[in-house]
Amino acid sequence: MASPIIDASGIVKDYGAARALHGVSLQIGTGEFVALVGPSGCGKTTLLKILAGFEEPTDGRLEIQGKDMRGVPAASRPTRMVFQKLALFPHKTVAENIGFSLKLQKVSKTETDSRIRTMLDLMHLKPDYLERYPAQLSGGEQQRVALARALVSQPSVLLLDEPMSALDAKLKKSLQAELKKLHRELGTSFVLVTHDLEEAMMLADRICVMRSGHVVQVGTPADIYYRPANMFVAGFIGETNFLPVTATAATDGGMAVTSPLVVSGKTTIASEHVSPSLSAKGTALLVRPETIRFVKGDAAPGEWLLDGHVEEYFIKGASTQYRIRVQGLDAAVIMDLPGSIVLPAAVGEAVRIGFDPVQAFLLSE
């Protein structure tokens, strides 16, 4: 990107002898929505705190809007943060909470009142809420007040540390949609730390996957899901299947692939469906659950077939997940079908399943 609003280069963070970040580099564009994901302890919240100014890096360089942030306190940065625990002042009204940062900046009362009203409209909060206290609000309303407080000072970057993790599922979906719309309307850069992988896929323009203080892959949700850098990313972002295969280079730049599980199964995987970091240590075919179907007749041209039996199924409403035990595989094959009142197979039933290997992705074990 030509002029990133955030440019983190070689960020290292040590806590005594423990290293939380190992030379992390990440660029975030103006108006971009980036989600940081990874298992607990991977360093994503530490990175967010460094961006906010609540932690100083041990080494590396951080620039925001082209300015070195070394030694710049949080209050002086063009960033604001919404915490997992919203940290609203319980003894202050909604109006006082939202306008707190403006009071510190000594913004005039007229300007402060105007901005608070604007935030109230933006967050779909009623005017009479201004005189209420946080304890008098629902969880979703408190969330909106926290967002309004962070945005009222018009930051260039909004940092979000799992702000919706404590909400119930229905309210979370509603606020996710509002957050997406808010980002589109404001044009502010958003950086979200989340354990909810579906949330990251729904909201972010790009996802940064972290592991043990390292950045493993940065890409669009489609890249992360369909073209993962390795098996860790593939398994972390959504449920998936890995089939053992043997691959050799094909004349057209792709890879000719066979599998010991498929009789007479041979196909060519196009180069765009082959991991750039493919190694000679062994390969696996990544097959997403939604690309697999039950086969109760002739196979489609080029389709690979596997025989097994139904180990279990789970009705999810809009979809039904089947787990198929196939001989030669340690893990059951996971397949997701559109939801239906009629179940296509029962537990213990012998079945044949199929998928088009052209839709799969080849990566290193």
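If you're wondering where the values come from, they're calculated on a predicted model, not measured in any experiment. (Residues numbered from 1 in each chain as written. Predicted model: local features only at pLDDT ≥ 70, side-chain atom pairs only at ≥ 80, totals over all residues. Heavy atoms only, no water.)

1. Side note on the layout of surface pockets
The space that makes up the largest pocket amounts to roughly 480 Å³. Surrounding the largest pocket, 19 residues form its lining, Phe-54, Arg-80, Met-81, Phe-100 and Ser-101 being those nearest its centre. Secondary structure elements with two or more residues in the lining of the largest pocket: strand S6 (79–82), helix H3 (100–104) and helix H5 (139–151). Ranked by residues supplied to the lining of the largest pocket, first place goes to S6 with four residues. (1 Å grid on protein atoms, 1.4 Å probe; cavity = no way out; pocket = protein on both sides within 12 Å on 5 of 7 lines; lining within 4 Å. Points joined across faces, edges and corners; volume = space filled by probe spheres on them. Helix = DSSP H or I, 4+ residues; strand = E, 2+ residues; numbered from the N terminus.)

2. Observations concerning the domain arrangement of the protein
Once the domains are mapped, the protein shows domain 1 (6–226) and domain 2 (239–363). Relative to domain 2, the C-alpha centre of domain 1 lies at a distance of 39 Å. (Domains from an automatic or database assignment.)

3. Here we look at the side chain of Lys-13
With respect to the helices and strands, the residue Lys-13 is situated in strand S1 (residues 6–15). In this structure Lys-13 comes out as buried when scored by relative accessible area, which is 9%. In this structure, Lys-13 is in contact with Ala-18, Arg-19, Ala-20, Leu-21, Thr-46, Ile-50, Glu-55, Glu-56, Pro-57 and Thr-58, ignoring residues within four places of it in sequence. (Buried < 20%, exposed > 50% of the residue type's maximum accessible area, 1.4 Å probe, protein only. Contact = heavy atoms within 4.5 Å.)

4. Topic: empty space enclosed by the protein
Within this structure, the stated rule accounts for two cavities of 30 Å³ or more. For the largest cavity, the calculated volume is near 60 Å³. Forming the boundary of the largest cavity are Tyr-225, Tyr-226, Leu-286, Val-287, Arg-288, Thr-291, Gln-359, Ala-360 and Phe-361. The computed volume of the second largest cavity comes to approximately 40 Å³.

5. A closer look at the sheet that holds strand S17 (residues 319–326)
Pairing is antiparallel across the open sheet formed by five strands, whose spatial order is S15-S19-S16-S17-S18. Here the strands that pair on one side only, and so sit at the sheet edges, are strand S15 (293–294) and strand S18 (333–338). The sheet contact formed by strand S16 (residues 304–315) and strand S19 (residues 350–355) spans six bridges and is antiparallel. By the bridge assignment for S19, His-309 is matched with Ala-350. (Pairing = 2+ DSSP bridges.)

6. Re the pattern of salt bridges
For the coordinates displayed, the defined rule picks out 18 salt bridges. With a closest N to O distance of 2.5 Å, Arg-206 and Glu-32 form a salt bridge. Of this pair, Arg-206 sits in strand S9 (residues 206–211) while Glu-32 sits in the loop between strand S2 (18–28) and strand S3 (33–37), placing them 174 residues apart in sequence. Across this residue pair, the class does not change: Arg-206 and Glu-32 are buried. One salt bridge in this structure joins Glu-63 and Arg-61, with 2.7 Å as the shortest N-O distance. Within the structure, one salt-bridge network assembled from shared partners comprises Glu-56, Arg-70 and Arg-77. (Salt bridge = Lys/Arg side-chain N within 4 Å of Asp/Glu carboxyl O.)

7. Digging into the environment of Phe-33
Note that Phe-33 resides in strand S3. Sequence-distant contacts of Phe-33, defined by excluding residues within four places in its chain, comprise Leu-179, His-183, Phe-190, Leu-192, Leu-203, Ala-204, Asp-205 and Arg-206.

8. A short note on the packing of H5 against helix H6 (residues 169–186)
Where H5 contacts H6, the two axes come as close as 11 Å, and the packing angle between them is 20 degrees. Classified by the angle their axes make, H5 and H6 are roughly parallel. Like other packed secondary-structure pairs, H5 and H6 cross with a definite hand, here right-handed. Between H5 and H6, the contacting residues are Gly-139, Gly-140, Gln-143, Arg-144, Leu-147 and Leu-151 on the first element and Leu-171, Leu-175, Glu-178, Leu-179, Leu-182 and Leu-186 on the second. Looking at the contact of H5 with H6, its residues break down into seven nonpolar, three polar and two charged. (Axes fitted to C-alpha atoms, helices over the stretch in contact; angles between N-to-C directions. Parallel < 35°, antiparallel > 145°, perpendicular 65-115°, else oblique. Left-handed = near helix turned anticlockwise from the far one by under 90°. Nonpolar A, V, L, I, M, F, W, Y, C, P; charged D, E, K, R; others polar.)

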